[in-house]
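Working through the structure, step by step
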There are 2 protein chains.
Amino acid sequence: MATIKDVAKIARVSPSTVSRVIAGSDRISQKTKERVRKAMEEVNYVPNAIARSLARSRTRTVGFTLSRRADQAFSNPFFSEVLRGMSSVAQMRDYNILLSISLNEEEEKEKCLRLIRERRVDGLIVSTSRVKDSLIDALLREEIPFVVIGRSADSPVMSVNNDNVQASFQATKHLLKEGYREIAFISGPRELMVSVDRLQGYKQALFEAGIPVEEGRIAETDFSEEGGFQALCAMRESGVAFDAVLASDDLFALGALRFATHYRMDVPEELGILGFNDTPMMSHTHPPLTSVRILSYELGAEAMELLLGGLENPEKWKNQKEIVLPSRLEIRESTRRKGAENEKSHN
Amino acid sequence: MATIKDVAKIARVSPSTVSRVIAGSDRISQKTKERVRKAMEEVNYVPNAIARSLARSRTRTVGFTLSRRADQAFSNPFFSEVLRGMSSVAQMRDYNILLSISLNEEEEKEKCLRLIRERRVDGLIVSTSRVKDSLIDALLREEIPFVVIGRSADSPVMSVNNDNVQASFQATKHLLKEGYREIAFISGPRELMVSVDRLQGYKQALFEAGIPVEEGRIAETDFSEEGGFQALCAMRESGVAFDAVLASDDLFALGALRFATHYRMDVPEELGILGFNDTPMMSHTHPPLTSVRILSYELGAEAMELLLGGLENPEKWKNQKEIVLPSRLEIRESTRRKGAENEKSHN
DNA sequence: CTGTTAGCGCATTCAC
DNA sequence: GTGAATGCGCTAACAG
């Protein structure tokens, strides 16, 4: 592999001149510039990124870490879309992405610190966001440049998040408008910010509508279809009535659909079902699922923009930016009641 | 940040001694070893991976590239599972993963070559595998260490693949056993090896059963639910009869389910439907979908093992290894016919 | 067992 | 404008 010296020799200049040409320095004669360029082509020269990183103390690499838990939390397609968004802007700005998937929060934290201390990356994007997040605390303490996808409960940090409260609020309002009054809420683990926020939007909408919040209608479970199904079964068994389900994840909505089938309840007439994430594969359920569409790709892209901006203009870290992306309710048949708006039911 | 020199000074030894302690060299006295260790802790020393990479000409980083097309091809959860598998063994063997998602094959090829030429990675895992694959050709030409997830049509390369021919063969046999005789096949783009292989298994099973292959029952389309739906509609319109669908991707199976609903065909009685990938979210369709389960996690893990093995024992590249992982047919209601095996139909 | 020397490939002073 | 010298932080001979 050719080095800068080889090029210098061929172009009959010094290595530093070659270096300048690479860097695009201006005070260099057109003639030698040409000669160096030709020499580079001749030996098929490509700068060694490692050597450059060492000399400049910057790697042009950012780390993206994820703990398995978070991966499940946001259902799968979400994850790969975020990655695509990140990758796309990284590519454009000539950065690389170092990926690390951990089993739990503790492992993720160590991985993050290690990547930074070993100087493998210039900054990090983390997608965790718990209510009490030790990872974020650690990153702040070590003054590491990072952006979180999600949001931090206490400390102000650079973050990109979707407006969960607002989305959940609107979703609930939609259900109310369709005439549902006894809306059950299936929550993921409450330690996750996303769960807290979505629950809040739900409560807020009920409050505004003057409908009391029944704790019995709120269930918490792990992210899974089964969890959603069981939660509803439990409610039913304990005699809690509900005519709609706000599922804070599409997986729960799947469970709700199964519940409806199991108990022969008509969706949407007897049970309205609304999910979160608008997983592409799930717009084809029977009936098609109403769901909150999240801008996953944009989430990743914005996070990367934010991080790179901060890395290249360190003073930007001063004005902590928290970006919030809108989401949109995709209304489909699982909540489109015929009985409510107009009394004609055609079955 | 502390360097090896700082540690050396504190432990009153030379930098090379510190380096030896890090490397775990044996011929070094227990006493100085201790002293060095203490010094390292004292200043919280962590070796600079970049400097080490430069000195050793090895980065302990492998690149994983993917073009958007391939990402779609294998439906999404597949992708993140593969990544998890790769990440898990990388972590264990202290390697890092550099991720790059491209828009198309050409871009992916350039990205691969660049990563290698810039010396950012020691080797690559690529998940493309077309019938005529220019990426693989390029990697071979440049003598780059790499492993393919999938397989190469012509050149022998290190690869990890699932046994698509066999899986498709078994799936078809299952349909035949259930009494289906007019089995339609929905294929993805034929330029992909996976499509070719699955089609072959299908044909082979029909052949063994003495059933002629009707080209009219074979459709090719892009990976999407809509594609699957339209393919069947087209068949129906052109008067081709079929009593089962072998969908070479779960997305197609979704389309087939919609087709059945649309034309009020009972599944599995009037139409058997069998998918590929066993996407977790889709075991909850109505009726539950029979599908070929792919070991995605293992695919990623094995690919990484293979690559790292090759990187650390270069002579291993001699005996080109092609690993083939088995898959398993998950039989559910969408193909479990009651009418076929015993004539009692209970509806 | 341990220290000295010499790079790894490039960027960046400081001279001229 | 360009070259020479020095260093980024670590590893790897070569001595002793």
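The name recorded for chain A in an unreviewed UniProt entry is LacI family transcriptional regulator, from Melghirimyces profundicolus.

Aligned on chain A, chain B shows an RMSD of 0.1 Å; the corresponding rotation is 180° and the shift along the axis is 0.1 Å. The operation mapping one copy onto its partner corresponds to a two-fold rotation axis. Using C-alpha coordinates, one finds that chain B approaches the rotation axis most closely at leucine 98 of chain B, a distance of 2.2 Å. Mapped onto chain A, 100% of the interface residues of chain B again fall at the interface, so both copies present the same surface.

Once that is clear, we can look at the interface of chain B and chain A. Between chain B and chain A, the contact holds 49 residues from the first and 49 residues from the second. A salt bridge links glutamate 81 of chain B to arginine 68 of chain A, with the shortest nitrogen-to-oxygen separation between them at 3.5 Å. Linking chain B with chain A are 17 residue pairs in polar contact (both at pLDDT 80 or more). For the side of chain B that touches chain A, the elements supplying multiple residues, two or more each, are helix H4 (49–56), helix H5 (68–73), helix H6 (76–92), strand E2 (96–102), helix H7 (105–117) and helix H12 (250–262) of chain B. Of the residues contributing to the side of chain B that touches chain A, the split by class is 19 nonpolar, 15 polar and 15 charged. With 3 bridges connecting them, strand E2 (residues 96–102) of chain A and E2 of chain B associate as antiparallel partners. Note that in E2 of chain B the partner of isoleucine 97 of chain A across the bridge is leucine 99 of chain B.

The subject of this paragraph is the sheet that holds strand E9 (residues 272–277) of chain B. Residue and element names in this part refer to chain B. Taken together, the 6 strands give an open sheet; going across it, the order is E7-E6-E8-E9-E10-E12, and neighbouring strands pair in mixed fashion. Whereas interior strands pair on both sides, the edge strands pair on one side only; in this sheet they are strand E7 (218–220) and strand E12 (328–330). Taken over all neighbouring pairs, the strand axes of this sheet differ in orientation by 20° on average, direction set aside. The strands touched by helix H11 (residues 225–237) within the sheet are strand E6 (183–187), E7 and strand E8 (244–247), with E6 carrying the most contacts at an inclination of about 140°. H12 rests against E6, E8, E9 and strand E10 (290–293) of the sheet, and its axis sits at about 155° to E9.

A separate point is the protein's contact with DNA strand D. Near DNA strand D, the surroundings consist of 23 residues, among which Thr17 and Arg20 of chain A together with Ile4, Ser19 and Tyr45 of chain B are the closest. For DNA strand D, the backbone makes up 71% of the atoms found within 4 Å of the protein, where backbone means sugar plus phosphate. A distance of 2.9 Å separates a phosphate oxygen of DNA strand D from a polar backbone atom of serine 14 of chain A. Within the side chain of serine 16 of chain A, a nitrogen or oxygen atom sits 3.3 Å from a base nitrogen of DNA strand D. Sorting the residues of the surface near DNA strand D by element identifies helix H2 (15–23) and helix H4 (49–56) of chain A together with helix H2 (15–23) and H4 of chain B as the ones contributing at least two each. Class assignment for the residues of the surface near DNA strand D results in 9 nonpolar, 9 polar and 5 charged.

Before going further, it helps to examine the packing of aromatic side chains. All names here are of chain A. Within this structure, the stated rule accounts for 8 aromatic pairs over all chains. Feature note: the residues Phe242, Phe259 and Tyr263 constitute an aromatic cluster, connected by ring pairs. Note that arginine 236 overlies the ring of tyrosine 263, its terminal NZ or CZ placed 3.8 Å from the centroid.

Here the focus is the nonpolar core. Phe64 and Leu83 of chain A together with Phe64 and Leu83 of chain B are the most contacted members of the largest nonpolar core, which totals 96 residues. Beyond its immediate sequence surroundings of up to four residues, leucine 83 of chain A is in contact with Phe64 and Leu99 of chain A together with Phe79, Leu83, Leu99 and Ile101 of chain B. By size, the runner-up hydrophobic cluster in this structure holds 30 residues, among which are Leu124 and Leu135 of chain A together with Leu98 and Val121 of chain B.

What follows covers the pairing of E10 of chain B. Both E9 of chain B and E10 of chain B contribute to a ladder of 4 bridges, which runs parallel. Bridge assignment links phenylalanine 276 of chain B to a residue of E10 of chain B, and that residue is valine 292 of chain B.

This next bit is on the protein's contact with DNA strand C. Inspection of the region around DNA strand C gives 24 residues, with Ile4 and Tyr45 of chain A together with Ser16, Thr17 and Arg20 of chain B positioned closest. Looking at DNA strand C alone, sugar and phosphate atoms form 60% of those within 4 Å of the protein. One of the side-chain nitrogen or oxygen atoms of arginine 52 of chain A is found 2.9 Å away from a phosphate oxygen of DNA strand C. A distance of 3.5 Å separates a base oxygen of DNA strand C from a polar atom in the backbone of alanine 55 of chain B. Listed by contribution, the elements that provide at least two residues to the surface near DNA strand C are H2 and H4 of chain A together with H2 and H4 of chain B. The biggest single contributor to the surface near DNA strand C is H4 of chain A, with 4 residues. A per-class count over the surface near DNA strand C returns 9 nonpolar, 9 polar and 6 charged.

Rules used in this analysis
- Residues numbered from 1 in each chain as written.
- Chains lettered and ligands numbered in written order.
- Predicted model: local features only at pLDDT ≥ 70, side-chain atom pairs only at ≥ 80, totals over all residues.
- Heavy atoms only, no water.
- Least-squares fit on C-alpha atoms with pLDDT ≥ 70 in both.
- Contact = heavy atoms within 4.5 Å.
- Salt bridge = Lys/Arg side-chain N within 4 Å of Asp/Glu carboxyl O.
- Polar contact = N/O pair within 3.5 Å; in protein donor to acceptor, adjacent residues only side chain to side chain.
- Helix = DSSP H or I, 4+ residues; strand = E, 2+ residues; numbered from the N terminus.
- Nonpolar A, V, L, I, M, F, W, Y, C, P; charged D, E, K, R; others polar.
- Pairing = 2+ DSSP bridges.
- Axes fitted to C-alpha atoms, helices over the stretch in contact; angles between N-to-C directions.
- Near = heavy atom within 4 Å.
- Phe/Tyr/Trp six-rings, centres within 6.5 Å; stacked < 30°, edge-to-face > 60°.
- Lys NZ or Arg CZ within 6 Å of the ring centre and 35° of its normal.
- Core = buried A, V, L, I, M, F, W, Y, C linked by side-chain atoms within 4.5 Å.
- Buried < 20%, exposed > 50% of the residue type's maximum accessible area, 1.4 Å probe, protein only.

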